[in-house]
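Secondary and tertiary structure notes
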Amino acid sequence: MSAATHRRRWRVPLSVTAAAAIVVLIILAAALAPWVSPYNPLDIGSFDLMNAELPPAFMVDGDWRFLLGTDNQGRDLFSTMLYGVRISIVIGGGAVLLASSVGVVLGLLAGYFGGWVDMLVMRVGDVILSLPTILLALLISGIARASFPNAGTAQWAPVILVGAIAIHEWVQYARTVRAATMVEARKDYVRATRVIGLPGLRIMARHILPNVLSPVIVIATINLAGAVLTEATLSFLGVGMPPTYPSLGTLIRIGNDFVFSGIWWIVAFPAVLLVILVLSVNVVGDWLRDYFNPMRRGRS
Amino acid sequence: MFSAITSRLAQALLVMLAVTAIAFVMFRYVGDPVAMMSREDATPAEKAELRHSLGLDRPVLVQFGSFVGRVAQGDLGMSFRNQRPVATLMAERLPATMELVIVATILSLAIGIPTGVLCALHPEGRTARLIQTLSLVGISVPTFVTGIALILLFAVILHWLPSFGRGDVVHLGFWTTGFLTRSGLESLILPGITLALYQLTLIMRLVRAEMIDVLDSDYIRFARARGLPARDIHFRLALRNALMPVVTITGLQIGSLIAFAIVTETVFQWPGMGLLFIQAIGFADVPVMAAYLLFVGFMFVAINMIVDITYTLIDPRLRTGRT
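Just so we're clear, the structure is a prediction, and the values are computed from it rather than from any experiment.

Moving on: the overall build of chain B. Across its full length, chain B carries 12 helices and 2 strands. Start at the N end of chain B and walk to the C end: the helices and strands fall as α-α-α-α-α-α-α-β-β-α-α-α-α-α. Along the first, second and third principal axes, the C-alpha atoms of chain B reach 85 × 60 × 35 Å. When the 323 residues of chain B are sorted by exposure, 38% land in the buried category. Put simply, of all contacts in chain B between residues at least 6 apart along the chain, 70% involve residues at least 24 apart.

Attention shifts here to the overall build of chain A. Across its full length, chain A carries 11 helices and 0 strands. For chain A, the N- to C-terminal ordering of α and β elements is α-α-α-α-α-α-α-α-α-α-α. Per-residue burial over chain A gives 46% buried out of 300 residues. The long-range fraction of contacts in chain A, counting pairs at least 24 apart against all pairs at least 6 apart in sequence, stands at 68%.

Residues and elements named next belong to chain B. The backbone of histidine 159 shows a phi angle near 55 degrees, a positive value even though the residue is not glycine. Considering the arrangement of structural elements, one finds histidine 159 in the loop between helix H7 (143-157) and strand E1 (170-172). What makes histidine 159 exposed here is the crowd of 9 C-beta atoms within 10 Å.

Where helix H5 (residues 86-121) of chain B contacts helix H8 (residues 182-215) of chain B, the two axes come as close as 5 Å, and the packing angle between them is 35 degrees. H8 of chain B is crossed by H5 of chain B, and the crossing has right-handed handedness.

Time to look at helix H10 (residues 248-256) of chain A. Most of H10 of chain A sits out of view: 9 of its 9 residues are buried. Along H10 of chain A, the positions that sit buried rather than exposed are Leu248, Gly249, Thr250, Leu251, Ile252, Arg253, Ile254, Gly255 and Asn256 of chain A. Summarising the contacts, the buried residues of H10 of chain A are in contact with helix H4 (77-113), helix H9 (200-237) and helix H11 (265-292) of chain A together with H7 of chain B.

Another point: the interface of chain B and chain A. Residue-level contacts link 36 residues of chain B with 37 residues of chain A. Elements with a minimum of two residues in the side of chain B that touches chain A: helix H1 (2-29), helix H6 (126-140), H7, H8, helix H10 (230-267), helix H11 (273-282) and helix H12 (286-314) of chain B. Of the residues assigned to the side of chain B that touches chain A, the class counts are 29 nonpolar, 6 polar and 1 charged.

What follows is about the nonpolar core. Phe277 and Met289 of chain B are the most contacted members of the largest nonpolar core, which totals 167 residues. The element contributing the most residues to this core is H4 of chain A, with 18 residues. Contacts of methionine 289 of chain B, omitting those with residues within four sequence positions, involve Leu139 and Gly142 of chain A together with Met26, Phe277, Ala280 and Ile281 of chain B.

Moving on, we come to the confidence of the model for chain A. On average, residues of chain A score 82 in pLDDT, and 90% of them are at 70 or above. Of all secondary-structure elements in chain A, the lowest mean pLDDT belongs to helix H1 (residues 3-10) of chain A, at 51, while H4 of chain A reaches the highest, 91.

To continue, consider the confidence of the model for chain B. Residues and elements named next belong to chain B. Mean pLDDT over chain B: 81, with 94% of residues reaching 70 or higher. Highest mean pLDDT in chain B belongs to H5 (89); lowest belongs to helix H2 (residues 33-37) (69). Reported confidences for the modelled complex are a pTM of 0.83 and an ipTM of 0.80.

A few words now on the packing of H9 of chain A against H11 of chain A. All names here are of chain A. Running from amino to carboxyl end, H9 crosses H11 at an angle of 160 degrees, the nearest separation of the two axes being 9 Å. As the angle between them shows, H9 and H11 are arranged roughly antiparallel. For the pair H9 and H11, the sense of crossing is left-handed. Seen from H9, the contacting residues are Ser214, Pro215, Val218, Thr221, Ile222, Leu224, Ala225, Val228, Leu229 and Ala232; seen from H11, they are Leu274, Leu277, Val278, Val281, Asn282, Val284, Gly285, Leu288, Arg289 and Phe292.

All names here are of chain B. The topology assignment puts leucine 190 in helix H8. Taking the C-alpha atoms as reference points, leucine 190 and isoleucine 278, 88 residues apart in sequence, are found 20 Å from one another. Excluding anything up to four places from it in sequence, leucine 190 contacts Leu150, Ile151, Phe154, Leu161, Ser163 and Phe268.

Our next topic: the environment of aspartate 57 of chain B. Residue and element names in this part refer to chain B. Mapped onto the elements, aspartate 57 comes out in the loop between helix H3 (44-53) and helix H4 (60-72). Since 10 C-beta atoms lie within 10 Å of it, aspartate 57 is described here as exposed. Setting aside anything within four residues of it in sequence, one finds aspartate 57 in contact with Arg51 and His52.

The rules we used
- Residues numbered from 1 in each chain as written.
- Chains lettered and ligands numbered in written order.
- Predicted model: local features only at pLDDT ≥ 70, side-chain atom pairs only at ≥ 80, totals over all residues.
- Helix = DSSP H or I, 4+ residues; strand = E, 2+ residues; numbered from the N terminus.
- Buried ≥ 20, exposed ≤ 12 C-beta atoms within 10 Å, placed from the backbone.
- Contact = placed C-beta atoms within 7 Å.
- Axes fitted to C-alpha atoms, helices over the stretch in contact; angles between N-to-C directions.
- Left-handed = near helix turned anticlockwise from the far one by under 90°.
- Nonpolar A, V, L, I, M, F, W, Y, C, P; charged D, E, K, R; others polar.
- Core = buried A, V, L, I, M, F, W, Y, C linked by C-beta atoms within 7 Å.
- pLDDT = per-residue confidence, 0-100.
- Parallel < 35°, antiparallel > 145°, perpendicular 65-115°, else oblique.

Structure representation (structure tokens):
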């Protein structure tokens, strides 16, 4: 690698800074949704069917009370989107958190103990990876809906979504952490801790874990984009968040029914926000991956 | 080599058995088959009789055994929703999905390979950078958003192309095809592009990475030293070798493309297996869900295995040791 490319690597490119800023801005807006949004889209009493399907304020028939127009129930689209992106981020983040914790723990155990633990974890992972994410997630939601009548309610849908997404993603963490653990476990410092008689769990948590975490952070960032997309896809297909408590995907699903009547804004604005969010996370994730792994030279 | 192939076969069988077990558990324990299949006013005695005739009172392992036997014979049970054999329903929907997947695969190869080569030949060029940026945008736009955008533009605003269904189809024995009529072909365009875009980025990035690797190898350097024309080096020597893994990955991706067609089929109301599956989820129609899982699992395992075994046969380095 030449000196020039080396120097460039250490400077954060403008596009990455911008993307990170957008991610932070969206997360802030989502976290502060109850305070910054003009209306509360979850309060059924606050919206009026008379205001349904109003176009955005900048159009001829627009109403300045509703900046980006209203949806089919007369909800202010801008407020609903703020609450929607909040739900999308919570579910996506929750899925990443669950998948990474399960994956890291199982990967540590498999890599450290080897033998049948390793065998079991890896074979289960193989079977799971032999099915596509979206199919597995749909199956889990489908099974949950067939088994529990209230699986589709606003209270339980997020829990099921988090589980349905995480069940596929943990394998990636487990595989990475297992490989790294196997390398670390043979190093002298780990042998030394074993010689002085520390218990296995303590060695794993205090000594090996910190040394295998950096790839986990990279995977988690890239995974967040994927998890938000999967949640949106499931909600779009009608097995995610219910219309009374919409995520961005649910809003796009609602809007899709109105595309033919020329009402484009219910679909367009949530879709654009979703794409901006996912793209920004992907840009940051891509850069992190190259940053932590100079061997890849910017390849996919 | 023989042992490598046998152990690969055994592994494939094991995965298939695991998928069948998941399907069986769904079939047997998700919802109550007896409640779904009997009339509202059935007496307990009638229900018990149905339970017996379905074999639900036998030991679980025996039930699983007979389930595997029935699946192997192509008997996937009856749909709860419309009381027709699931195997027939799936067979009716198969051509629609397969034609969509074929069109998408051809499209993504036809666009992905040239752009990938272009990016590899001039990795720092302006076009390559633009394509790289576009590909990052490409993986960030979900399939259903692409589909809706295409419908909005080409069907709602421009009225150029149909936005739902397969158009007119021609029946050829058990297969129905949209390739032979004008409306059938027109209907394929938008869903085909939507599904292809999902695959396109992957193929492009793969071709680019492989091409860069191959162009860096010794035999290409010798070819350059001998003064062969650049066109011959790039397309006759480098591209051929770079395409090997592309062919493999394209093959492996067919399984996940079938599964991903669920989204495209929903957006375009395409009457394929994916739409059948989504409707089955809406109605808690477990036999159809289980059958779809079995089908996609089987496609995955079969394709994976064929690719692996072909590799063992082609590449002597893989014949010994690990499979």
